[in-house]
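Reading the structure
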Amino acid sequence: MIEIRELNKTFHLENSDVEAVRDLSLTIDDGVIYGVIGSSGAGKSTLVRCLNLLEIPDSGTIRIDGVGEIELRNGKPWLNGKRMTAREQNNMRRGIGMIFQHFNLLDRCTVFENVAYPLQHTGRSRKQIEKRVCELLTLVGLEDKTNVYPSQLSGGQKQRVAIARALAAEPRILLSDEATSALDPEATEAILSLLQAVNRQLGVTIVLITHEMAVIKSIADRVAVMENGRVVEEGTVYDIFADPQKEITRKFVSTSSLLGKLDKLLEENAELIRVKPGEMLVRLMFRKDCVGEHLLTTAARKYGFDLNIILANSEYLHGSPIGGMVGIISGEQDHIEEGLEFLRQNHVSAEVIRDGRTDAAGHAESVPVS
Ligand SMILES: Nc1ncnc2c1ncn2[C@@H]1O[C@H](COP(=O)(O)OP(=O)(O)OP(=O)(O)O)[C@@H](O)[C@H]1O
Ligand SMILES: [Mg+2]
C-alpha cells in the first residue's frame, strides 16, 4: 500500500512560488492500476516524482509497504523516525520503477545495456545480470532486439525497453508518466496490454499518469483527478465515469464520450438542439443499476412522450454498461414531468438542459425556431 498524507511541494522561482502539490492525501492499494488525471500543470508529474523522492517534498508523509514511513521535515526526508541516508534514498528509488513519455533510454547503449543498467553495482554477477535481462526482454517481447540501439527501434519498442529497464530490479511499484502519449493508437494498445500483464502476472502496483481518458478506461482500476496541486475527486473508474461530481471531472469524462459534443452544440446554439415551446432538451444518463430494463421505452409508452435522440453513447466499463443520451422530449407537459420522475426513481439521471415551456418561473431558455 502507498499512503500519502498531507503532502506539499512548492517550487520557488525568482519572482514567484509554484505550489505544485498541496495538502495531498491519497491511498493506493497494493496490486492496483491507479490512474491520475488532471490538466497540464495540475501537479501530476510532481506527485509521482515525490513518490520516489526524485523530487523531495517539503512536508507530509509517504508510507510505502516494504520501505517504511517517510516523513518530510522542513524538506528533509526521515525514514522510520531517522534521517534518511542517500543510500536509503537510492535503494528506495530502485524499488520503484519509472517510465516516461520520451522513454529516456541511453542512446549509445544497446537494448541489453539499457536494461542491464539498473542492475549494475547491485552485487549481481555478469551471469545473473544476463539471465535477468533475457527474462525481461522475453517478457516485453524484444528477445530478438538484444544488441540493437534505441535509434533502430520504433516508439513502441523503445517503451518496451524502458518498461523492461524499469522492472529490472523487481520493483513492487511502477510509476508511469504519460508513457503512451508519444505512441500511435496501435502501439498504445500494445503497451497498455503489457502494463496490464505486468500488473496481473507480477503483481506490480502501477501509478499511471495520463491525459488520455481511453487509457484510464482501458486498464485503470481507480482514478484520482488533480486540480491545482490537489486531488479533487477519487474513486473507481466506473463511478468516476458514470457519475462525475466535480466540474473538472465532468469535463475530462465528457471528452471521452460522444455526449461531450453537447457543450459545443450549446455554445454554437446549433439548430439541432433548439427547442420549440413545450419541448425540453434533456440529458439522460444510465448506470449499471438501470440499463437493460427498457426503462426509456417503458417510460415513453407509459407517459406518452416522444424522444428525438440527438446524441447517444453506450459502452462497457469493467464489464458494466454505462451510457447516456441527449434528446428533445415532447408531449403533454404533466406527462413529461411524470415520465422524468419515473426515470429518476429508476436511477436514471435525468437533467433538463433547455426548457421550452414558458413556465411560471419564467426561466425558459427556449430559442424560438423561425
Ligand atoms: N522543477 C520545477 N521548477 C519549477 N516549477 C516546476 C518544476 N516542476 C514543475 N513545476 C511547476 O509545478 C506545476 C506542476 O507541474 P507538473 O509538471 O507536476 O504538472 P503536470 O500535471 O504533470 O502537467 P503536464 O500534464 O503538463 O505534464 C506547474 O506549474 C509547473 O510549472
Ligand atoms: Mg506531467
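Everything below is about the structure printed above this text.
Notes on the structure in this doc start here. (Residues numbered from 1 in each chain as written. Chains lettered and ligands numbered in written order. Predicted model: local features only at pLDDT ≥ 70, side-chain atom pairs only at ≥ 80, totals over all residues. Heavy atoms only, no water.)

Near ligand 1 you find Phe11, Leu13, Val18, Ala20, Ser39, Ser40, Gly41, Ala42, Gly43, Lys44, Ser45 and Thr46, and these make up its full shell. Between serine 40 and ligand 1, the recorded distance is 2.5 Å, taken from a side-chain N or O atom to an oxygen atom. Between lysine 44 and ligand 1, the recorded distance is 2.8 Å, taken from a side-chain N or O atom to an oxygen atom. Look at ligand 1: alone it shows 640 Å² of surface, and the protein chains cover 61% of it. Of all the elements, helix α1 (residues 44–51) adds the most residues to the shell around ligand 1, at three residues. Residue composition of the shell around ligand 1, grouped by class: five nonpolar, six polar and one charged. (Near = heavy atom within 4 Å. Polar contact = N/O pair within 3.5 Å; in protein donor to acceptor, adjacent residues only side chain to side chain. Areas by Shrake-Rupley, 256 points an atom, 1.4 Å probe, with all protein chains shown as cover. Helix = DSSP H or I, 4+ residues; strand = E, 2+ residues; numbered from the N terminus. Nonpolar A, V, L, I, M, F, W, Y, C, P; charged D, E, K, R; others polar.)

To continue, consider the nonpolar core. With 53 residues, the main nonpolar core has Val133, Leu137, Ile163, Leu195 and Phe241 as its most contacted residues. Judged by nonpolar contacts, the second largest core, of 32 residues, contains Ile28, Ala42, Ile62 and Ala224. (Core = buried A, V, L, I, M, F, W, Y, C linked by side-chain atoms within 4.5 Å. Buried < 20%, exposed > 50% of the residue type's maximum accessible area, 1.4 Å probe, protein only.)

Taken as a whole and judged by the stated rule, the model has 16 salt bridges. Across the pair glutamate 3 and arginine 5 runs a salt bridge, and its minimum N-O distance is 3.2 Å. The class of arginine 5 is partly exposed, set by a relative accessible area of 32%. Here arginine 250 and glutamate 247 are joined by a salt bridge, their closest N and O atoms 3.4 Å apart. (Salt bridge = Lys/Arg side-chain N within 4 Å of Asp/Glu carboxyl O.)

Since there are 3.6 residues in each turn of an α-helix, residues three or four apart along the chain are aligned in direction. The buried fraction of α1 amounts to six of the eight residues, a majority that puts the element mostly inside the structure. Lys44, Thr46, Leu47, Val48, Cys50 and Leu51 are the residues of α1 that are buried. Residue leucine 53 follows α1 closely and has a positive phi angle near 60°.

Here we take up the environment of threonine 10. Along the chain, the position of threonine 10 falls in strand β1 (residues 2–12). What makes threonine 10 buried here is its relative accessible area of 16%. Considered as a pair, threonine 10 and serine 59 are 49 residues apart in the sequence and their alpha carbons are 9.8 Å apart. Ignoring sequence-local partners within four residues, the contact set of threonine 10 consists of Asp17, Val18, Glu19, Ala20 and Asp58. (Contact = heavy atoms within 4.5 Å.)

Most of strand β15 (residues 320–330) sits inside the fold, with nine of its eleven residues counted as buried. Bridging between strand β13 (residues 280–286) and β15 involves seven bridges; their strand directions are antiparallel. Looking across to β15, one finds that valine 282 is bridged to glycine 327. Two strands pair when backbone bridges link them, and strand β14 (residues 306–317) and β15 are joined in this way by eleven bridges, in the antiparallel orientation. Looking at the pairing, glutamate 315 lines up with isoleucine 322 of β15. Turn length for the β14-β15 hairpin, with the two strands adjacent in sequence and antiparallel, is two residues, and the turn residue histidine 318 shows positive phi of about 50°. (Pairing = 2+ DSSP bridges.)

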